[in-house]
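Reading the structure
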Amino acid sequence: MSVQTQIHTKPQAAARTAPAVPNKMVARDVKVFYGAKQALKGINVEIQENKVLALIGPSGCGKSTFLRCLNRMNDTIENCRVEGLIALDGEDIYGKGIDAVQLRARVGMVFQKPNPFPKSIYDNIAYGPRIHGMATGREELDEVVEKSLQRAGLWNEVKDRLREPGTGLSGGQQQRLCIARAIAVSPEVILMDEPCSALDPIATAHIEELIDELRENFTIVIVTHNMQQAARVSQKTAFFHLGDMVECDDTEEIFTNPRDERTQGYITGRYG
Amino acid sequence: MTVTASKSHYQSEEFARRLRGRYAAERNFKIAGIAALALASMMLVVLLTSIVSKGYTAFQQAQVRLEVTLDKAMVEERNYTAILRQALYAQFPQITDRTGKRTLNELLSSGAPYELEALVKQNPAIVGTTQTVWVRADDEVDQFVKGNFPRTAPESERRLNDAKIAAIDAMTAKGTLVQAFNTTLFSAGDSREAEQAGIWGAIVGSMLTLMVTMLLSVPIGVAAAVYLEEFAPKNKWTDLIEVNINNLAAVPSIIFGLLGLAVFLGFFGLPRSAPLVGGLVMALMTLPVIIISARVALKSVPPSIREAALGIGASPLQTVTHHVLPLAMPGILTGTIIGMARALGETAPLLMIGMVAFIVDIPHGLTDSATVLPVQIYMWADSPERAFTERTSAAIMILLGFLILMNGLAVFLRKKFERRW
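Remember, it's a predicted structure, so these values are computed and weren't measured experimentally.

**Structural notes on the sheet that holds strand S2 (residues 130–136) of chain B**
Residues and elements named next belong to chain B. Taken in spatial order, the 3 strands line up as S2-S1-S3 in an open sheet, and their pairing is antiparallel. Across the chains shown, the open sheet's two edge strands, defined by having one partner strand only, are S2 and strand S3 (177–181). Put simply, the sheet's adjacent strands are angled 40 degrees from each other on average, direction ignored. Packing against the sheet, helix H5 (residues 112–122) makes contact with strand S1 (60–69) and S2, and its axis sits at approximately 135 degrees to S2.

Spelled out as structure tokens, the structure:
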């Protein structure tokens, strides 16, 4: 398979990643254009399995754009063009054999603003498994709902009111509901686009704990504006600046010993 | 503490004056708004009062009580006119001359013999007996009883001569001429005789027409709106289509009538005056309204809902049918019902396809000749008889009743299905 060889023959990639941890997703020279405007100028990133990759950088640097490339959410944006290669398990997700709908079931997404469906808590979680035919019968579906809510740490708070609307929960609960909804379809990768930016510190702490637990079963990519959050939840961090990926390394390395001047400037708060 | 600094700008007299000016402007604006509202409601009240005061009498109709002897031979000859006249003459034994009898004949509706015939057909056992029956009085008698023809005018300028008035007074005194609820208005089709005319034919015609309109324009309109809003690429072709749809909504309705005449009658050879064609034309007319309101409703669904559905792997169609469309439904329903209400009140396009016709029969199918409520009003308003004036107003009241009902339904449905997030 040509994609596979291409990924493995990149000497840089081989040198910088520990060989023991396989790459779940790989981005090679990803360029994104909105009409004539170029938003990403050739991004190269490896996303390792069962690790949390944090994308940091000043506003408008292309973190969210890159995140949305990973499950082809940019397909829905008019005039958006993606070049380069993004592979999931060695397979080009923009290739002919991959269907965007199928891909989004494998690569789930949690958005900046909690966006539960205006339906019951139960239906919010059950919707994905239902449309993907993952549960046959009522009991199995109940089980999926319960398990998803438990993994999202929301079960104890909502188990007595599963029939009440999901929009009636607090902001933090809504966001955990959205995470539960995303994991209900058993994705392999979960993308989180500033999942805590609309939440208070306590709800944020909840979500951060949750991310750490979810890492065991899922590969997570998180966009965040909060440097402390990146330091707390991630193992790998990528710093974006003006559509470029400046550097990507172990989180500890980035925060203690950044190689690039711009990275240092950003994490020490000189700009951004 | 010493006050050393001079008063700031915000405490100065100059500023206080400006502040007063701002409040005055706000007060004047409110007064203007209230005045506009008062004027609008006054016009509405005048309109409704005028219609109701002219029309409420149409819900009553003068009826004559007769003791008819259903002679077997006369029934076999179907000479019901003679049976009725005999019974009427019996009430006035003193009138024996031909002129006097003719005056009496004119008291009864020309449709009275048919009423009696229908009664006999319904219950043949009454032949050979004497029965008390109520038949409609002539519309002029009815109008006189309602006080619409002044009795003080000189006889030569009156519709009813002295002899007739005397007979009416005598019957009223005896209780054989009374006002009763006008069931004919709600059960009959059109007629040249006001007392036999009803709007049921027009109501059925309107219902059939609206049914065709709804069955065509709602699915096509909603599907078009969903495609344009959710699936179509935004390029110059879809821009062109959008501009055209917006323009079509503003096209005078008579143009749609001409189009219907040329296409449905001229080219496809569909029957004239049929609710089918009326419905087709109305569907063309309502389609842009429904498309525009459905697009607005779809646009108002927050994009985060679409992202949420797409993000867990729903296909674009599932996203639309499971999430976007249900959330847009209240808006779509409102737009649809308002479009339907507009179609219900529309006359002009129907003029072109022959639905302005004198049709006595109640339509039974989509291809029967029919007319609709507003057209019926238009035709009655054209009739010179005094009795049709009040029936015109009554028909307007019924049409308004239907419109209020539909708009009320729109409000109810919007409230019922509206969801907050």
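**Some points on the packing of aromatic side chains**
Enumeration according to the criterion identifies 8 aromatic pairs over all chains in this entry. Ring geometry for B:Tyr10 and B:Phe15: centres 5.0 Å apart, planes at 85 degrees, overall edge-to-face. By relative accessible area, which is 15% here, B:Phe15 ends up buried. Where B:Trp380 meets B:Phe388, the ring centres are 5.8 Å apart and the plane angle is 40 degrees; that geometry is what we call tilted. Accessibility assignment for this pair places B:Trp380 and B:Phe388 in one class, buried. These aromatic residues form a ring-pair network of at least three members: B:Phe59, B:Phe181 and B:Phe186. In this arrangement the basic side chain of A:Arg181 is found over the ring face of A:Phe117, its NZ or CZ atom lying 4.5 Å from the centre.

**Section: the interface of chain A and chain B**
Listed by partner, the interface residues are 24 residues for chain A and 21 residues for chain B. Of the roughly 1800 Å² buried where chain A meets chain B, counting both sides, 63% is carbon and sulfur surface. If you look at where chain A meets chain B, you find 1 salt bridge. B:Glu307 is paired through a salt bridge with A:Arg68; the nearest N and O atoms lie 2.9 Å apart. Remark: the boundary between chain A and chain B carries 6 residue pairs in polar contact (both at pLDDT 80 or more). Counting only elements with at least two residues in the side of chain A that touches chain B, the list comes to helix H4 (100–106), strand S6 (107–110), helix H5 (121–131) and helix H8 (171–184) of chain A. Taken together, the residues of the side of chain A that touches chain B sort by class into 13 nonpolar, 6 polar and 5 charged.

**Quick look at the environment of B:Val204**
All names here are of chain B. You can see Val204 is positioned in helix H9 (residues 200–231). Val204 sits in the buried class, given a relative accessible area of 13%. Apart from residues lying up to four places away in sequence, Val204 is in contact with Ile362 and Pro363.

**What to know about the pairing of strand S7 (residues 189–193) of chain A**
Residue and element names in this part refer to chain A. The element S7 is extensively covered by neighbouring structure, given that 5 of its 5 residues are classed as buried. Across the two faces of S7 the burial is the same, with Val189, Leu191 and Asp193 and Ile190 and Met192 all buried. Of the pairings in the sheet, the one linking S6 to S7 comprises 4 bridges and is parallel in character. Residue Val110 lies in a different strand from S7, and its bridge partner there is Met192. Crossover handedness for the path S7 to helix H9 (residues 201–214) to strand S8 (residues 219–223): right-handed.

**Quick look at helix H3 (residues 80–91) of chain B**
Residue and element names in this part refer to chain B. For H3, spanning 12 residues, the distance from its first C-alpha to its last is 17 Å, which sits close to the expected 16 Å at 1.5 Å a residue. Restricting attention to buried positions, one finds in H3 the residues Tyr80, Ile83, Leu84, Ala87, Leu88 and Gln91. For H3, the angular spread of the buried residues around the axis is 130 degrees, confining them to a single face. Here the buried face of H3 lies against S1, helix H2 (72–76), helix H4 (98–105), H5, S2 and helix H7 (162–174).

**A few points about the side chain of A:Gln174**
All names here are of chain A. Tracing the chain through its elements places Gln174 in helix H8. Of note is the side chain of Gln174, whose polar atom sits 3.1 Å from the backbone oxygen of Thr167. With residues near it in sequence (within four places) discarded, Gln174 still touches Pro114, Pro116, Gly166, Thr167 and Leu169.

**Examining the sheet that holds S7(A)**
Residue and element names in this part refer to chain A. Spatially, the 6 strands line up as an open sheet ordered S6-S7-S8-S3-S9-S10, and their pairing is mixed. With one partner strand each, in any of the chains shown, S6 and strand S10 (244–250) form the two edges of the open sheet. Going across the sheet, the axis of each strand differs from the next one's by a mean of 15 degrees, ignoring polarity. As judged from the 4 bridges shared by strand S3 (residues 52–56) and S8, these two strands associate in the parallel manner. Each residue of the ladder has a partner; that of Ala54, found in S8, is Ile222. Together, S3, S7 and S8 form the strand contacts of H9, whose direction differs from that of S8 by roughly 150 degrees.

About the thresholds
- Residues numbered from 1 in each chain as written.
- Chains lettered and ligands numbered in written order.
- Predicted model: local features only at pLDDT ≥ 70, side-chain atom pairs only at ≥ 80, totals over all residues.
- Heavy atoms only, no water.
- Pairing = 2+ DSSP bridges.
- Helix = DSSP H or I, 4+ residues; strand = E, 2+ residues; numbered from the N terminus.
- Axes fitted to C-alpha atoms, helices over the stretch in contact; angles between N-to-C directions.
- Contact = heavy atoms within 4.5 Å.
- Phe/Tyr/Trp six-rings, centres within 6.5 Å; stacked < 30°, edge-to-face > 60°.
- Buried < 20%, exposed > 50% of the residue type's maximum accessible area, 1.4 Å probe, protein only.
- Lys NZ or Arg CZ within 6 Å of the ring centre and 35° of its normal.
- Buried area = accessible area lost by both parts, 1.4 Å probe.
- Salt bridge = Lys/Arg side-chain N within 4 Å of Asp/Glu carboxyl O.
- Polar contact = N/O pair within 3.5 Å; in protein donor to acceptor, adjacent residues only side chain to side chain.
- Nonpolar A, V, L, I, M, F, W, Y, C, P; charged D, E, K, R; others polar.
- Right-handed = clockwise from strand over helix to strand, strands pointing away.
- Expected span 1.5 Å × (residues − 1).
- Arc of directions from axis to C-beta.

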